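Each chain, letter by letter, is given below.
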Amino acid sequence: FSDLREIKKQLLSVAERSRERGLQHSGKASELAFALDPLPLSELPPPPALTEEDARDLDAYTLAKSYFDLKEYDRAAYFLRGCKSQKAYFLYMYSRYLSGEKKKDDETVDSLGPLEKGQVKNEALRELRVELSKKHKARELDGFGLYLYGVVLRKLDLVKEAIDVFVEAAHVLPLHWGAWLELCNLITDKEMLKFLSLPDTWMKEFFLAHIYTELQLIEEALQKYQSLIDAGFSKSTYIISQIAVAYHNIRDIDKALSIFNELRKQDPYRIENMDTFSNLLYVRSMKPELSYLAHNLCEIDKYRVETCCVIGNYYSLRSQHEKAALYFQRALKLNPRYLGAWTLMGHEYMEMKNTSAAIQAYRHAIEVNKRDYRAWYGLGQTYEILKMPFYCLYYYRRAHQLRPNDSRMLVALGECYEKLNQLVEAKKCYWRAYAVGDVEKMALVKLAKLHEQLNESEQAAQCYIKYIQDIYSCGEIVEHLEVSTAFRYLAQYYFKCKLWDEASACAQKCCAFNDTREEGKALLRQILQLRNQGETSSTDIAAPFFLPASLSANNTPTRRVSPLNLSSVTP
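These numbers were taken from a predicted model, which means no experiment stands behind them. (Residues numbered from 1 in each chain as written. Predicted model: local features only at pLDDT ≥ 70, side-chain atom pairs only at ≥ 80, totals over all residues. Heavy atoms only, no water.)

## Some points on a positive patch on the surface
Test applied: Patch definition: residues with relative accessible area over 30% and no salt bridge; like charges joined within 9 Å; nonpolar side chains (Val, Leu, Ile, Met, Phe, Trp, Tyr) joined within 5 Å. Using a 1.4 Å probe, accessible areas were evaluated by the Shrake-Rupley method; residue-level cover was limited to the displayed protein chains. Salt-bridge detection follows one rule: a side-chain nitrogen of Lys or Arg within 4 Å of a carboxyl oxygen of Asp or Glu. A positive count includes Lys and Arg, and a negative count includes Asp and Glu. His and the chain ends are not counted in either. Taken as the charge centre is NZ of Lys, CZ of Arg, CG of Asp or CD of Glu, depending on the residue. Starting at the N terminus, helices and strands are each numbered in turn, a helix being any DSSP run of H or I of at least four residues and a strand any DSSP run of E of at least two.
On the surface, K121, R126, R129 and K137 cluster together into a positively charged patch. Along the chain, the position of K137 falls in helix α7 (residues 125–137).

Now the structure itself:
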């Protein structure tokens with residue numbers, strides 16, 4: 001990144017070349033170029049030089065490009081037959097590919113059931129593959145041609161070949177963002193990334209930051225984006241939006257919201273990523289803000305996928321689930337491969353108790369992107385409702401593999417193991433959920449109840465103590481139903497241990513909750529009775545005495561369970 005002027009020249013040049021070929025990824029290059037300082041007239045890159053073949057095909061290319069821009073792909077391809085120049089040949093093949101995709105999408109919209117949708121294929125793919133592979137073997141494809149060949153292979157589910165071709169495309173034309181982006185969609189884990197021989201170019205930094213965000217390696221992604229900002233891309237709205245998405249992925253909601261608000265000030269007509277922004281507003285139940293966003297996007301472009309998702313989220317927040325599902329369906333008619341809409345539609349069907357439709361929607365989401373933990377988690381929840389714990393276990397474990405530090409996945413896994421009576425595994429899950437930072441503050445209670453079941457009263461007491469410390473140290477208004485359960489158990493535990501002072505302190509706390517008030521009063525009467533009879537407090541057991549006002553912070557459960565290893569149990 002030492003010479004930003006040279007980078008700007010390269011970006012302007014690749015944006016122009018992409019535009020000539022009808023590729024939408026020119027937008028990203030233009031966005032990055034805009035973030036850098038303008039160039040003086042003398043330094044602007046010259047237009048791409050024309051070859052003999054380009055000059056021969058110029059008339060056909062110009063005519064076909066005008067039809068291509070009008071989305072008349074078959075017509076564009078017809079006039080480009082027999083063209084020999086790289087640019088015209090690419091547009092010819094790309095028009096045929098897009099024509100097939102358009103017909104497939106039209107058929108998908110017309111087909112009735114979700115089962116039929118999976119059977120609709122792009123008929124042009126096989127022919128395109130045959131023709132492009134001949135050119136590839138003869139080494140006649142440029143960077144754009146290789147990119148298109150990779151896309152065709154990916155669509156035919158030939159993933160390994162597609163990855164090789166995209167890596168080759170990145171070597172031949174390192175500045176074309178499309179090839180990098182396709183590569184992002186095919187890489188499933190960090191190990192796979194290590195074995196790729198990628199070109200050593202500044203564009204690789206953008207790719208790594210993007211793939212780290214996708215693979216939920218958020219710290220590494222944020223470091224990369226920060227280094228890109230320091231290198232001179234501080235004005236780039238693309239980088240700002242990616243940082244906001246990264247914070248959304250680690251559920252740092254306040255930070256993500258503030259970055260999105262800043263982004264909206266800089267780029268008020270932006271629609272990209274606004275569905276992620278609406279997810280954050282939904283989680284925070286910010287109805288007025290979500291309503292404003294929905295109206296605003298509707299004015300800009302009501303037939304964009306993101307707009308439909310934002311409106312769907314708005315109706316979902318208002319508990320109008322049928323209407324929400326309708327908007328997510330509309331989004332999918334506009335783009336059947338739009339991941340967010342499938343997942344959100346699954347959530348809506350869950351709310352409507354339509355489990356079979358929810359399963360179908362989540363499965364579609366996984367077809368689009370196997371790394372979408374929300375779809376795996378949603379499938380787990382659906383099968384939980386259907387009381388099929390072995391299925392649940394499989395899906396929750398997939399979600400856990402994608403989000404190893406998300407306590408919600410771990411608590412769900414623990415509950416599954418509990419239902420299957422595999423209590424050791426359940427204990428591991430609950431302990432790990434607490435260790436990684438329990439979002440819902442439920443792991444310790446569940447762990448305590450397990451210890452209770454197994455008559456491990458001391459460990460149960462320790463867990464309840466730690467749970468109460470956590471609740472009070474958060475400074476939350478205690479609405480947790482389980483707080484009263486914890487105090488009740490501890491009062492009884494201390495009573496059995498003959499620690500009257502501690503038992504009466506907990507019993508008094510029980511009196512503050514409706515469901516344990518009577519038991520608390522009864523216990524206090526018993527303690528008073530025993531004290532009057534001259535029973536002394538036991539000193540044998542050194543149980544920790546506490547009151548929520550004076551809680552000690554270092555009271556951790558006595559037995560640390562080993563790190564999570566679920567490989568021993570396969571469903």
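## Considerations on the pattern of salt bridges
Definition in use: The buried label goes to any residue with under 20% of its type's maximum accessible area, the exposed label to any with over 50%, and the partly exposed label to all in between, with areas taken from a 1.4 Å probe on protein chains only.
Considering all chains together, one arrives at 33 salt bridges under this definition. With a shortest N-O distance of 3.1 Å, K103 and D74 are connected by a salt bridge. Remark: D74 occurs in helix α4 (residues 73–79) and K103 occurs in helix α5 (residues 86–110); sequence separation between them is 29 residues. Relative accessible area serves as the criterion here: at 47%, K103 is assigned to the partly exposed category. Close ionic contact of R403 with D406 constitutes a salt bridge, the shortest N to O distance being 3.2 Å. For R403, a relative accessible area of 8% gives the class buried. Here the residues in one salt-bridge network are K28, E31, D267, R270 and E272, joined through shared partners.

## A closer look at the state of the cysteines
So the rule is basically this: Only a pair of cysteine sulfur atoms within 2.5 Å qualifies as a disulfide here.
Using the criterion set out here, one finds zero disulfides in the structure. Here C309 is not cross-linked by a disulfide; its sulfur's nearest cysteine counterpart is in C308, at 7.0 Å. Since its relative accessible area comes to 0%, C309 is described here as buried. A disulfide-free cysteine, C416 has its sulfur positioned 4.2 Å from the sulfur of C392, the nearest such atom.

## Thoughts on the environment of L128
Our working rule: Contacts are assigned to residue pairs with any non-hydrogen atoms lying within 4.5 Å of each other.
Structurally, L128 is set in helix α7. Beyond its immediate chain neighbours, meaning those up to four positions away, L128 contacts M93, R96, Y97 and V152.

## Brief notes about the confidence of the model for the protein chain
So the rule is basically this: Confidence of the prediction at every residue is given by pLDDT, a number between 0 and 100.
In this model, the protein chain carries an average pLDDT of 84, and 90% of its residues clear a pLDDT of 70 or more. Mean pLDDT values over the elements of the protein chain span from 49, in helix α6 (residues 114–117), up to 94, in helix α18 (residues 305–317). Long-range and interchain partners of residues 539–545, a stretch whose pLDDT sits below 50, account for eleven contacts in this model, where long-range means more than four residues apart. Note that pLDDT drops below 50 for residues 547–571; the model gives that stretch 59 contacts with residues more than four away or on any other chain.

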